[in-house]
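# Overview (structure and organization)
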Amino acid sequence: MQKMSDDTSLPLARFTIVEVNDANVPLCLRLATSLAAKIAADLGADVLKIEPLGGDPVRRAPPFLLQGESALFQFLNTSKRSLVLDLVSESGRNALAGLLNKADAVLFEEPATSAPLLRASHATPIEIAAFPAEMNAATRPVSEFAILALGGLLHMVGEPERKPLRLGGHQASYAAGLTAFTGLSAALAARDAGQTAPAVRVSLAEVMQWVNWKAASGADAGGTSPGREGKNSEFQIVPCRDGHVAVVYTVTQWPATRALIGDPRLANPMFNTRAGRRQNITRLYEIITPWFADKTRAEIQKTAQAKGVPFGPIFSPAELLQTEQYVSRGFLTEMAHPKLGSLRLPQLPVQWNGRSFAPRPAPELAA
Amino acid sequence: MKALAGVRVLDFGLLTAGANTSAMLADLGADVIKIESGAYLDPFRVVGKPDNEKGWWNRSPQFRFTNRNKRGLALNLKAPEGQRVIRELAAHCDIVVENFRRGVLDRAALGYKDLSAINPRLVFAAISSQGDTGPERMNVSFGSTLDATSGIASLTGYEGEEPRISGMDVNYPDQIVSLFATGIVIAAIMEARRTGKGAFLDFSQREVASFTLGEEIVAASADPARASGRRGNREEGVAQQDAHRCKDGRWIAVTLDAPDPAIDAFCAGRDSADAVAALLARGIAAAPCNDGADLLRDTKLQGVTLVRDERGGLVKGLPYRLDGKGISIERPGPDLGQHTDEVLRELLGYDDAQLKKLADTGVTSTTPTVGEV
């Protein structure tokens, strides 16, 4: 039988973390910083967010709720406390130094004016940058979109003859935010074990390349770079009765996929190997596409999964709110906000001994 | 000293989601022992095989990219003897990482319940498509299935056209899960050190992907009529943003703080390097649209993300820098079963006769019994 205190204490409850928000850093860096600190806060760390006069600019960034508040800010700052400090003033910097003396880690962005002070503090620095240190490019203009291009991910999505496409959402910032969280966790573990924790530096450009490693691996092994294949790719999107479905299957799942579609023309030997299917991809999709037309996404998923075929029905964010699996696991939780009423948002995507981590509302900006 | 020095990982991880979580633990100093079997190889050994000559299973670049700095064991999990050896190993490990379909390890009596009974301090990371509970827990997925079901695909595509997935050569949702899971596993190790109790960590890859759309979900719940969907490269709150083709035929990405209808013509009239330099000089975020070959060439841009092993093979580096450094590769990705005997001697004290018996009965092996997986 677990003791009550074990049950109620959150895993990072004994750690104090400061997130420093300089007024003038690119938003794409801030999103990464705030995501990393939010995960730690939801896990129980005492996260103090130091905002500039006027507040973190993310408070004014879309998407917006009906009341005009930023949904982005609400998502990224759950379970934190906030304090406004003018870090241009000496009193502000002194106050920050006092807070850092008691903190285990401090998160900030490379171009922040306070960065030199933060790197030298007693708290372990977790620094978010746009580019690798080797580029020496702290002041180079940056956007998430530019990072996707540099990291090679932009090159991978879309039609080969048309412009390349970005992935939806803040993928460059958030992949870096997840990375910074893991770096933070490693630093806390080192401190916890009485070691000197490593300073952590995360750049969005490195994370994107790391995520997109198959581009470098493919170019290194085959001499040619993988790239967007659009209508020539093995996996394509097909329309169905109530939306779209992604056709996805592995080499070993091809026989089951063929049986599922049930069209005798798929028995043609030209479709027997992966190379053959790739060579005849237009013909293949001409045969399989009609199968989807009169079926709903739910029917397609059920029938395909029964045969072990991983077709993916496409859901919008609004539709995810109704998804049976998410409802059953309580993934999209209801959070009572003192001013905005009830908000639904994703919890941390982990269950720890069956327990989820309910987020607390993001802090108001102190007057 | 590295943060996870002295920590040992029993790694059943396959492909990226599982195997890369263990690789990130190895990066932090953990001793990772990867378990495969002759009857079930990490599928990366197969999908990446360069040829069909003997030893093909040891040459896949994708496998080597992901499994560097691990030791490799081949133990038949379907044989009771193989299961017994795993249970003995679990007593000497701190972490289990697995991304089998739900139920596979339970059926072999190697699930969390079985292994935590042997070692209560064990942190058990179960990474699956949908999580360990719920009506869809047994659903299968492969990479881009989750682009679709997580919501990411619905927001990806040319303006007003059909949704798009990241595809076979990216499988984006598989890549990000280890960036999160590793941090959680470390937090659980801290708890295990403090309390003496391990944990069952249930990760749903689909949830990790949807988590990256948190603000979209918050906004949709507050306003079900909110317009979302495909906007090409445009982004809410950004004045103008798109990819433009330059005079040399290359695409560049440009993000503008104020609309500029002339930007397309500006790019079309210059080579890509000149256009990017000119835009950056004006304070505008711009970048070339790199492909894999560009990434291999630009060693400054690579930072610490790529590194070479002792055989000169290119492998995965770090997504972050620790104390200013990347990693060095102490051992290349293991051949199938390369370290079986070494690890069983070292951790379990097996002698020659015991090892020979395991090999003779097919419990351990160094060659696959299957051609395709």
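Predicted model only: the values in this text are computed from it and were never measured. (Residues numbered from 1 in each chain as written. Chains lettered and ligands numbered in written order. Predicted model: local features only at pLDDT ≥ 70, side-chain atom pairs only at ≥ 80, totals over all residues.)

### Observations regarding the overall build of chain A
Selection criterion: For the purposes of this entry, the term helix denotes a DSSP run of H or I that reaches at least four residues, the term strand denotes a run of E that reaches at least two, and both are numbered from the N terminus. Labels follow a simple rule on C-beta atoms placed from the backbone: if 20 or more others lie within 10 Å of a residue's own, it is buried; if 12 or fewer, it is exposed; otherwise it is partly exposed. What counts as a contact here is a pair of residues whose C-beta atoms, placed from the backbone, lie within 7 Å.
When its secondary structure is counted, chain A shows 15 helices and 12 strands. Each principal axis of the C-alpha atoms in chain A carries an extent, and together these give about 75 × 50 × 45 Å. The buried share of chain A, reckoned over its 367 residues, is 52%. Across chain A, the fraction of contacts at a sequence separation of at least 24, relative to all contacts at a separation of at least 6, is 68%.

### So, the environment of L150 of chain A
Along the polypeptide, L150 of chain A turns up in helix α6 (residues 144-150). What makes L150 of chain A buried here is the crowd of 27 C-beta atoms within 10 Å. With residues up to four places along the chain from it excluded, the contact list for L150 of chain A reads A205 and M208 of chain A together with A287, N290 and L301 of chain B.

### What about the domain arrangement of chain A?
Under the convention used in this document: Segmentation of the chain into domains, including their bounds, is taken from an automatic or database domain assignment.
Under the domain assignment used here, chain A contains domain 1 (11-215) and domain 2 (230-314). With centres defined by C-alpha atoms, the gap from domain 1 of chain A to domain 2 of chain A works out at 41 Å.

### Digging into the domain arrangement of chain B
Once the domains are mapped, chain B shows domain 1 (8-212 + 303-360) and domain 2 (240-299). Taking only C-alpha atoms into account, the centre of domain 1 of chain B sits 38 Å from that of domain 2 of chain B.

### Description of the interface of chain A and chain B
Heads up, the condition is: Classes in brief: Ala, Val, Leu, Ile, Met, Phe, Trp, Tyr, Cys and Pro nonpolar; Asp, Glu, Lys and Arg charged; the others, Gly included, polar. Should DSSP find at least two bridges between two strands, the strands are taken to pair.
Each side of the interface is counted separately: chain A has 117 residues, and chain B has 119 residues. No other element matches the 14 residues that helix α7 (residues 171-192) of chain A contributes to the side of chain A that touches chain B. Grouping the constituent residues of the side of chain A that touches chain B by class yields 71 nonpolar, 32 polar and 14 charged. Two elements, strand β12 (residues 350-352) of chain A and strand β6 (residues 199-204) of chain B, share three bridges in a ladder whose sense is antiparallel. Its bridge partner being in β6 of chain B, W352 of chain A is matched across the sheet by L201 of chain B.

### What to know about the environment of T255 of chain B
Structurally, T255 of chain B can be placed in strand β8 (residues 251-256). Separated by 24 residues in the primary sequence, T255 of chain B and L279 of chain B have C-alpha atoms spaced 9.8 Å apart. Not counting the four nearest positions on each side in its chain, T255 of chain B is found in contact with S143, F145 and A146 of chain A together with V238, Q241 and A285 of chain B.

### Remarks on the sheet that holds strand β7 (residues 237-240) of chain A
All names here are of chain A. Put simply, the rule is: Lines fitted to C-alpha atoms define the axes here, with helix axes fitted over just the stretch in contact, and angles between the N-to-C directions of these axes take values from 0 to 180 degrees.
With respect to topology, three strands assemble into an open sheet ordered β7-β8-β9, the strand pairing being antiparallel. Each of the sheet's edge strands pairs with one partner strand only, and the pair in question is β7 and β9 (312-313). Strands β7 and β8 (243-246) of the sheet are contacted by helix α12 (residues 281-293), whose axis makes an angle of about 35 degrees with β7.

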